[in-house]
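Tertiary structure, described
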Amino acid sequence: MRFPKSSRSIRQLSTHVLAIALGVLLTVSTLQVLPSQAEPAPLVTTGDTSQLMAQRQPATAVIGSSSFVTAAVNRVGSAVVRIDTERTITRRVDPFLEDPFFRRFFGDGFSQQMPPEQQLRGVGSGFILDKSGLVLTNAHVVDKADKVTVRLKDGRTFEGKVQGIDEVTDLAVVKINAGNDLPVAPLGSSSNVQVGDWAIAVGNPLGFDNTVTLGIVSTLKRSSAQVGINDKRLDFIQTDAAINPGNSGGPLLNGQGEVIGINTAIRPDAMGIGFAIPIDKAKAIAAQLQRDGKVAHPYLGVQMLTLTPELAKQNNNDPNSPIQIPEINGVFVMRVVPNSPAASAGIRRGDVILQIDGKPITSAEQLQNLVEDSRLGQVLQVKVQRGNQTQQLSVRTAELQNAS
């Protein structure tokens, strides 16, 4: 009788053990399956972890101790300089202040409070082009300065000599004598820049040395006319990297730490918009300034406006308009400078320029660039429409005189 009972107990015990083992197996299987539901694990063969490491790299880059901005600034930072300028202006003393009658009532001290001379100080930025000590900056930073002091990031200061200024492109070259151990800024190419590229501005805005701001390239070939600077001939790189007074002349960098432009603070009313002179243009101008001290710019001598049929129609529908304009595409001549090449050739106010040397002209910027690329003394064949007639005029370019 005991044997049957023992057999029954053994069977019950075996059943319980089997149930417990099955439960453990299911639990382990569940734990192995749950992670795959959240994120599939990469298939990696034995000894090959490249795919797994590649997946981890972005996270490492995000939480790393440095960034591409740091690397870019470290590459060029020591070549960025601060430029301090001093300029003395002389006031013309009003004879009224020297009148005895005036002195009787106001005393001698009043006129003495107005010094005949005043010293103006300014600050800007620049960067070193080569080890000989050539520094590139904006023309408006050093223009008319009596003294120029260049200070390096390491604290060394040198007296700077202005080798050349070109007000038309707002560029200047300054020379310092500091031996041959100077850091040099690596130059990139502005022709490779695209909208949306990173833009890093380095300089001394508002006197705050060694300041870095980050943004992107907002647009390319923003003409100086569109910006509202009619006395310049430039197509700017537009960026949303903060550029303030004092940044002028400093470098605009790409993500690799190469100079792609020269920052120019020119619109005090701009909010979140900065402008930089493309480095390709700056390199060509700097070479001429170093060689000749100036740059010769050909000009025609007209103030102009891009004309479209819509703009002309809007003018013609105005009963108070003093002139009727042909409803065509071209460049409308608003004013002719006296004694200019255009005046000598017979171009008149109200003419519409249609072609130059057989090439259709549809915008003022296009005309400006074509003239800028011509040679001094070159004869240009200009086709204009005057009223209902067209005329062919020959205009010989001349050198644009200093804007000042």
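Residues numbered from 1 in each chain as written. Predicted model: local features only at pLDDT ≥ 70, side-chain atom pairs only at ≥ 80, totals over all residues. Heavy atoms only, no water.

1. Topic: the overall build of the protein chain
Let me state the cut-off plainly: Elements are defined by DSSP. Helices are runs of H or I of four residues or more, strands are runs of E of two residues or more, and each kind is numbered from the N terminus. The buried label goes to any residue with under 20% of its type's maximum accessible area, the exposed label to any with over 50%, and the partly exposed label to all in between, with areas taken from a 1.4 Å probe on protein chains only. Between two residues, a contact is recorded if the distance between any of their heavy atoms is within 4.5 Å. Accessible areas in this description were obtained via Shrake-Rupley with a 1.4 Å probe; residue shielding takes into account the shown protein chains only.
A count of helical and extended segments in the protein chain gives eleven helices and 20 strands. For the protein chain, buried positions account for 37% of its 404 residues. The contacts in the protein chain between residues at least 6 apart in sequence include a share of 64% that link residues at least 24 apart. Of the accessible surface of the protein chain, which amounts to about 23600 Å², a share of 53% is contributed by carbon and sulfur atoms.

2. A closer look at the sheet that holds strand β12 (residues 274–278)
Two orientations exist for strands paired in a sheet by backbone hydrogen bonds: parallel and antiparallel. Short version of the rule: Here, any two strands with at least 2 DSSP bridges between them count as paired. As a rule, the C-alpha atoms of each element are fitted with a line to give its axis, helices using only the stretch in contact, and angles between N-to-C directions run from 0 to 180 degrees.
Strand order in the closed barrel formed by six strands is β7-β8-β9-β12-β11-β10, with antiparallel pairing between adjacent strands. Taking the axes of each pair of neighbouring strands and ignoring which way they run, one obtains an average angle of 45° across the sheet. With two bridges joining them, strand β7 (residues 198–203) and strand β10 (residues 251–253) adopt antiparallel strand pairing. Residue pairing across strands places I200 opposite L253, the latter belonging to β10.

3. Topic: the pairing of strand β3 (residues 134–137)
Of the two faces of β3, the one lined by L134 and L136 and the one lined by V135 and T137 are each fully buried. Looking at chain direction, strand β2 (residues 117–128) and β3 are connected through two bridges and run antiparallel. Looking at β3, one finds that F127 is bridged to L136. Linking β2 back to β3 in an antiparallel pair, the connection comprises five residues, with G133 at a positive phi of about 105°. Pairing of β3 with strand β6 (residues 171–175) involves four bridges; the strand directions are antiparallel. The partner of T137 across the bridge, within β6, is A172.

4. Notes on the side chain of D166
Applied cut-off: In this tally, Lys and Arg are treated as positive and Asp and Glu as negative; His is ignored, and so are the chain termini. Between Lys or Arg on one side and Asp or Glu on the other, a salt bridge is scored when a side-chain nitrogen of the former is within 4 Å of a carboxyl oxygen of the latter.
Turning to its location among the elements, D166 is positioned in strand β5 (residues 157–166). We note that D166 is buried and unpaired, the nearest opposite charge coming from K281 at a distance of 7.2 Å.

5. Structural notes on the nonpolar core
Nonpolar side chains in soluble globular proteins tend to be buried together. For clarity, the threshold we go by: As used in this record, nonpolar core signifies buried Ala, Val, Leu, Ile, Met, Phe, Trp, Tyr and Cys residues forming a set joined through side-chain atoms within 4.5 Å.
The biggest cluster of nonpolar side chains holds 29 residues, and the ones touching the most others in it are F127, L136, I200, V259 and I262. Within the residue set of this core, elements represented by two or more residues are α3 (68–76), β3, β6, β7, β11 (259–264), β12 and α8 (279–292). When residues in this core are grouped by element, the largest group, five residues, is from α8. Formed by 21 residues, the second largest nonpolar core is a distinct cluster that contains V302, I353, I356 and V395.

6. Comments concerning the packing of aromatic side chains
This is how the line gets drawn: For Phe, Tyr and Trp, rings pair up if their centres lie within 6.5 Å, where Trp contributes its six-membered ring, and each pair is then called stacked (planes under 30 degrees apart), edge-to-face (over 60) or tilted (otherwise).
Scanning the entire structure with this criterion turns up two aromatic pairs. Relative to W198, the ring of F68 lies with its centre 5.1 Å away and its plane at 45°, an arrangement referred to as tilted. Within this pair, whereas F68 is found in helix α3, its partner W198 is found in strand β7, the two being separated by 130 residues in sequence. Taking the relative accessible area as the measure of exposure, F68 reaches 33% and is therefore partly exposed.

7. Let's talk about unusual backbone geometry
Positive phi, close to 65°, is recorded for K144, a residue that is not glycine. Relative to the helices and strands, K144 is located in the loop between α6 (139–142) and β4 (147–151). Looking at K144, the relative accessible area reads 44%, which means it is partly exposed. In the Ramachandran plot, D170 falls in the positive-phi region, its phi being about 55° despite a non-glycine side chain. Topologically, D170 is positioned in the loop between β5 and β6.

8. Focus: the environment of P278
Summarising the element assignment, P278 is placed in strand β12. Between the C-alpha atoms of P278 and S191, which are 87 residues apart in sequence, the distance is 8.3 Å. Not counting residues up to four positions away in its chain, the partners in contact with P278 are S190, D235, F236, I237, I260 and G261.

9. Some remarks on the confidence of the model for the protein chain
Put simply, the rule is: As a per-residue quantity, pLDDT reports the predictor's confidence and falls between 0 and 100.
Residue-level pLDDT values for the protein chain average 81, and 76% of them are 70 or greater. Scored below 50 in pLDDT, residues 1–7 shows zero contacts in the model against residues more than four places distant or in partner chains.

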